[in-house]
Every structure is written in C-alpha cells, then in structure tokens.
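Per-entry structural report
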Amino acid sequence: MVISMDLGHLENTFLPIESRIKTGSDVIFAWYGRYQQAKALGEPAINGTVGSLLEDDGTLAVNKVVMDTIRGQSDLNLSAYAPLAGLPQFKRLAAELAVGPRLASLNDIGLHSGAVATPGGTGALYLSARTMLAVGDSILFRSSRWSPYDTLASECGLTISEWPILSNIEEGHPKVALNVLEEELGKLAKSQERVLAWLNDPAHNPTGLSLDSAGRELILDAFIDCAISNPNVGVTLFLDTAYAVYADEPYGWSETIHQKFSWANWPENLLICWGFSASKSHTIYGMRCGAIVFLHPSEDYVNRLGEVCAVTGRGTWSLAPRLPQSTLVDIHNDELLASSWGDEKGRLKKLLSERRSLFNKKMAESEIPLMPSDDGYFAFIPCDDPVSLAEKAAESHLYVVPLKGGIRIGLCSIGFDNIVRATDILKESWVSVVG
Ligand SMILES: Cc1ncc(COP(=O)(O)O)c(C=O)c1O
C-alpha cells in the first residue's frame, strides 16, 4: 500500500535543523547541463560554464605524462592504503610543488615545512577550518570567492568575515583594500583566540585576478602586524594556490615571504599554510589529490600540526588516495618525466593565455566593467542582475555561470575560435540587460 507522504514532515522527522537548512543544486553544474542540452539540440552553443580546462576542440585537456604514469603504477599503489598523513615522499613533494623553488632558501633561513596529504585542495581547506578555529569562530574571506568556501565554513560551524577583493579608494594598491583588511584582522584578533584567513591567489576563482609583489607584501605585513600586536592570538594565513601553475608568478608568495623574513623576525604566533591541489596542475580533478603544507620556525610545532590534521582527516575521510600520490612521486623523481610534465603544463598555460589576451582585448573595447583578469581559468563581470545577464547570453548560445555579484566566464572551457563570438554576445547582452 502506498500512502502519500509529506516531504516537510519526513524532513522534520528524520533531520535535525543543521541538515534541514542544506539546499543546493550546484549552479555551475546546472548551467553546464543547459549548455549540454543546447549542444545536443544542435545549437552552436559555447561552453563558458565548467571549471575544467578544455582543449580548443572541447575535449578535456589531460596531461598525458600523468595519465601514462598512473596507468603504470604497481598493484600495491593501486590497491593499498597510504599512511594516514600521506606517503612520506609525497609529503615532501607536495611542499615543493606548493612553495616552489624557494622552499630550500626558506628552510635555510630557519623555517620548517611539513605537509599532510588530503583529498584535493578542498581537503586542505577543510583541515585548516576544522583544526585552526573553534566552532562559532569567524573565518576571514575576500568578498568574491569560490562558493564552496561558504559551504566549508558552514560545515565547520564557522561564521564568515569579509574584506573586499578590490580597493575602492584612489590611493593605495588597487587590488588590496588594506584598511578594511587591517580593520577585520584587528576585530577578529580582539573577539576570538585565533584568526584564520583563506586567500585564493594567484589566478583567483572566479575572477582570474592575481596580486603583484607590492600587493602580496601589503597583505603579508598586515598579517605580521596582527600577530605582533596580538601575541596571544594564533594568526594563520592560508594560501589557496589551486590554479598557481597557470599564473605568470606561480610561486610569488614564496618570494614575498622569503624577502620579508630574510631580515625580519617571524612572530611565533604566525603560521602560513598552502593548500596544494593536483586537480588542475596535474589534470587529475577526480582523483582527489592535494595537501595542506605548513611553514613555521618550530619544527616540533610543524610536526604536531601534521599529527592533529592527520587525526582530523582520519575522522572525516579516513585518508587520502594512494594512487595519485605515488604517481606524482614517480613523475617528479624522474627528470625526464618531470620535464615532459612541465612541457605539457606550459602548453596548457599557453592555451589559457592566448584565450585570455584576446578576451581582455575585445572586452576592453567596451564599457563593461570586467574585473582584473590576469591568470588562470576564469574572468568575471560584476553586475546587479547576474541571472538576467546569463539568460540573455544563453539566448545567443553563450553559457556562463551567474554567481553572487556577477557572471563567471570560464575561459578554460571556451575554445580560442569562439572567444570573439563570446565577447560579442557578452557586449550585446550587457547593453540589453544593463543599458
Ligand atoms: C579556488 C579553489 N580552491 C580550491 C579548489 C580545490 O580543488 P580540489 O579539491 O579539486 O583540489 C578549487 C577547485 O575548483 C578552487 O576553485
């Protein structure tokens, strides 16, 4: 016998309030679905929706060296668990890949690094949120961000504090709203025992914005000042470098940190972390390979952080997959493989740069207020009614993603030959929706 059931009643019966507030068909996948439908109906649809790099012919771009090395892995690496914190060689490699060639010089000036393997860069973000703040604390984000940041904060019981992604005052650095950053850091340091900020740079998602060395130094100084003025507060700057290898300065933060601490003292209550992600750098999005990397003058403390994060990982996803870890180790332990990986990565970066320079050039011919789009996968047009703008573009067969405060254009998924048509559609849609 089938009786009709009230969904609200069932939810109330089974789910606590923390679960009932969760909703979410992912907007990115929803718009990607519309693109696919249009394509299947034979429309000349342009795909500006997905967050994966596609070749100009629309197929997924994969770094062949990585694929071949995965296929050559031993049964042990295919089948066995990895150690809870990751394969030891992978942990060292993850620090090298995240921090870059400056790692050795940073170690030379007395800074210690350590890492814990995670399922993707998302796992690293989660570990920092879950272990470096207490439930009920606030985490500091920029105003424009990858939307899972909000989900991760909520899953970890954190509220969100914000500072703007661009400065709106004439003087100072155009990409660093320094006064608000300092103010927010000060407020957090006064109201809670620890401060944690995530900064997605370079090649920010969803804008493509990258900071220059002057901007990085201003931000680093703000965190150092916050640590010095609040010696009892733990201050953590987490650098989310998920798209770094496709930026002109992939390891800019390490340069800035090295320059600063070659002469200045590191306040012991300051910690810098990197979120390493192999999803884009090695084109293994679904393999879930990443790491949280720590940098601090105390080796013992770095080791202790590794232990804490491994326990959190154990109680959340158990451990990170072994196969991609051993694959990366094999690639980067072999000069020939590493250089072939680098060549292919360079080719993919060139694809993105060529699309972006044409896109930026065409957009600059209009009045549309494109956000600075320097590197990586995306560009972003701020507007008050993103859904109408995305709908208008879709009428002319360009599919983009309406997000909070604007539309995201996936330069990673639009083939070079479609860039000019995409910019023409954006210009027409803008005039029709905004005026
Ligand atoms: C800004 C940002 N950070 C981190 C990630 C983490 O990616 P993954 O967990 O696949 O490594 C992504 C992926 O899209 C991202 O866009």
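Criteria and cut-off values
- Within any chain, residue numbers begin from 1 and follow the written order of that chain's sequence.
- Note on the predicted model: pLDDT of at least 70 is required for a residue's local features to be given, and 80 or more for side-chain atom pairs to be given and counted; whole-chain, interface and lining totals, by contrast, use all residues.
- Hydrogen atoms and water are omitted, and side-chain values are computed over all heavy atoms in the structure.
- Strands here mean DSSP runs of E at least two residues long; helices mean DSSP runs of H or I at least four residues long; both are numbered from the N terminus.
- By definition here, a helix of n residues has an expected span of 1.5 Å times n minus one.
- Think of it in three bands: with a 1.4 Å probe and only protein chains considered, a residue is buried below 20% of the maximum accessible area for its type, exposed above 50%, and partly exposed in between.
- Only heavy atoms matter for contacts: two residues are in contact if any of them lie within 4.5 Å across the pair.
- In this analysis, strands are considered paired if DSSP registers two or more bridges between them.
- Convention adopted: a line fitted to C-alpha atoms gives each axis, helices being fitted over their contacting stretch, and angles between N-to-C directions are expressed from 0 to 180 degrees.
- Domain delimitation follows an automatic or database domain assignment.
- Buried area is understood as the total, over both parts, of accessible area removed when two parts are fitted together, assessed with a 1.4 Å probe.
- For salt bridges, the criterion is a side-chain nitrogen of Lys or Arg within 4 Å of an Asp or Glu carboxyl oxygen.
- Polar here means any residue other than Ala, Val, Leu, Ile, Met, Phe, Trp, Tyr, Cys and Pro, which are nonpolar, and Asp, Glu, Lys and Arg, which are charged; Gly is therefore polar.
- Ring geometry is summarised as follows: Phe, Tyr and Trp rings, the Trp one being its six-membered ring, pair when their centres sit within 6.5 Å, and such pairs are stacked at plane angles under 30 degrees, edge-to-face over 60 and tilted between the two.
- Here, over-ring charges are defined by two tests on the NZ atom of lysine or the CZ atom of arginine: distance to the ring centre within 6 Å, and angle to the ring normal within 35 degrees.

With 15 residues, helix 18 (residues 419-433) ought to run about 21 Å at 1.5 Å a step, and its terminal C-alpha atoms sit 21 Å apart, in line with that. Those residues of helix 18 not exposed but buried are I419, A422, T423, I425, L426, K427, S429 and W430. The elements touched by buried residues of helix 18 are strand 1 (46-47), helix 16 (335-364), strand 9 (378-382), helix 17 (386-395), strand 10 (398-399) and strand 12 (406-410). Just beyond helix 18, the residue with positive phi is G435, at close to 110°.

A sheet is described by the order of its strands in space; here three strands give the open sequence 9-12-11, paired in antiparallel fashion. Only two strands of the sheet have a single partner each, and these edge strands are strand 9 and strand 11 (401-403). The sheet shows a mean angle of 30° between the axes of neighbouring strands, taken without regard to direction. Sheet topology note: the strand 9/strand 12 ladder contains five bridges and is antiparallel. If you follow F378 over to strand 12, its bridge partner there is G410.

Cis geometry is adopted by the peptide bond preceding P202, which originates at D201 and carries an omega value of -5°. Mapped onto the elements of the fold, P202 is located in the loop between strand 5 (194-200) and helix 11 (213-229). Across the junction of N205 and P206, the peptide omega takes the value 20°, indicating a cis bond. Following the sequence through the fold, P206 ends up in the loop between strand 5 and helix 11. With a phi angle near 50°, T283 is a residue other than glycine that sits in the positive phi range. Examined against the element boundaries, T283 turns out to sit in the loop between helix 13 (278-281) and strand 8 (290-296). Residue classification places T283 among the buried residues on the basis of a relative accessible area of 5%.

Our next topic: the domain arrangement of the chain. Looking at the assigned domains, one finds that the chain contains domain 1 (7-61 + 366-433) and domain 2 (83-320). Computed over C-alpha atoms, the centres of domain 1 and domain 2 are 28 Å apart. Contact with domain 1, which involves 19 residues of that partner, is made by 20 residues of domain 2. Together, the buried faces of domain 1 and domain 2 total about 1600 Å²; carbon and sulfur atoms form 55% of this surface. The tally of links from domain 1 across to domain 2 stands at three salt bridges. Notably, a salt bridge pairs D374 with K175, separated by 2.9 Å at the nearest N-O pair. Top element by residues in the side of domain 1 that touches domain 2 is strand 9. It accounts for three residues. By residue class, the composition of the side of domain 1 that touches domain 2 is 10 nonpolar, four polar and five charged.

The final tally for this structure, using the stated rule, is 13 aromatic pairs. Seen from their ring centres, W146 and Y149 are 6.3 Å apart, and the 80° between their planes marks the pair as edge-to-face. Seen in terms of ring centroids, Y243 and F378 are 5.9 Å apart; in terms of plane orientation they differ by 75°. Their pairing is edge-to-face. In this pair, Y243 sits in the loop between strand 6 (234-240) and helix 12 (252-263) while F378 sits in strand 9, placing the two residues 135 residues apart along the sequence. Comparing Y243 with F378 shows no difference in burial state: the two are buried. Among the aromatic residues, ring-to-ring pairing joins F141, W146, Y149, W198 and F238 into one connected group. Its guanidinium or amino end placed over the ring of W31, R34 lies 4.2 Å from that ring's centre, counting from NZ or CZ.

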